[in-house]
Amino acid sequence: TRRAPAWPEAWVTLGRAALNAGRYVAAVEALQRAFEVAALGGDVLDDVLEVRHDLERATEGARRAARVELFFRGDGPRPEITTLVIEQQLVVKALSSASSSEEEEPASSLFTGGGGGTSGVVWECGLALARRILDDADHDVDTVDLRDDDAVLVKKKTSLGAGFSSGASVLDLGAGTGIAGFAAALRGARVVCADVDTAPLERTNALNAEWAATRVAVARYDWDDDDDEAVSAGAL
């Protein structure tokens, strides 16, 4: 594709290679590009229906890859298992040129994390924190003890999740998709998730409405706006 960027078959080959390797977003980008290049050059792809099918497979794979599910087992003699569902944002990108043939018109290209920027992505650190919140096991945690006005770093065995029991109040600033805040709510805490872009949070709220509706509030908060009182005046 570098030597012949205007050759649609090269993009098809690249897209199929990415699809076979499980790199779904890259496959979508390459296959979509094949349709765009063909349309711009007035060409027709040799096996347009098969390429369309490959694009649909890549699109579905990207959707599955963008979905994160975490599970929490409650307490009691017959504990229920509740699922926390997070979907990273998939944004439709408009074609640079419409295809001249209805048969050649492809599905729209999808990109993870678009639109909401970094707030639409589930980061590894957020996923690790959410898993720790939902975990009842004790772990070594560094804590600070004040002894005779001196700060002493002490390692303690503790369960992070135990601190988010029913009745706890949590404010998750810069919440992104809300994966950590919603994990705390899954343990029973009352949570306010705030970010400048609330679209990913609203999506998470909708996906988990069955159990999160009464536990999570979403608020807009802009770090750079000193007058933004959405969190203090609203949800809290």
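Quick note: structure is the one above.
A few points on the structure. (Residues numbered from 1 in each chain as written. Predicted model: local features only at pLDDT ≥ 70, side-chain atom pairs only at ≥ 80, totals over all residues. Heavy atoms only, no water.)

All right, on to the pattern of salt bridges then. The final tally for this structure, using the stated rule, is eight salt bridges. In this structure, E87 and R203 form a salt bridge, with 2.7 Å as the shortest nitrogen-oxygen distance. One end of the pair, E87, is in strand β2 (residues 81-87); the other, R203, is in helix α6 (residues 199-207), with 116 residues separating them in the sequence. Here E87 falls in the partly exposed class, since its relative accessible area comes to 24%. (Salt bridge = Lys/Arg side-chain N within 4 Å of Asp/Glu carboxyl O. Helix = DSSP H or I, 4+ residues; strand = E, 2+ residues; numbered from the N terminus. Buried < 20%, exposed > 50% of the residue type's maximum accessible area, 1.4 Å probe, protein only.)

A word on the sheet that holds strand β7 (residues 169-173). One key point about sheets: their strands pair by backbone hydrogen bonds, in either a parallel or an antiparallel sense. The strand order across the open sheet formed by three strands is β7-β8-β9, and the pairing between neighbours is parallel. Looking along the sheet, the strands with just one partner apiece sit at the ends: β7 and β9 (216-220). Here the strands of the sheet are splayed against their neighbours by 20° on average, with no regard to which way each runs. Inspection of the sheet shows strand β8 (residues 190-195) paired to β9 by five bridges, in the parallel sense. By the bridge assignment, V191 is partnered in β9 with V216. Set on the sheet, helix α5 (residues 179-186) makes contact with β7, β8 and β9; between it and β8 the angle comes to about 170°. Its contacts with the sheet place α6 against β8 and β9, and it is angled at close to 165° to β9. (Pairing = 2+ DSSP bridges. Axes fitted to C-alpha atoms, helices over the stretch in contact; angles between N-to-C directions. Contact = heavy atoms within 4.5 Å.)

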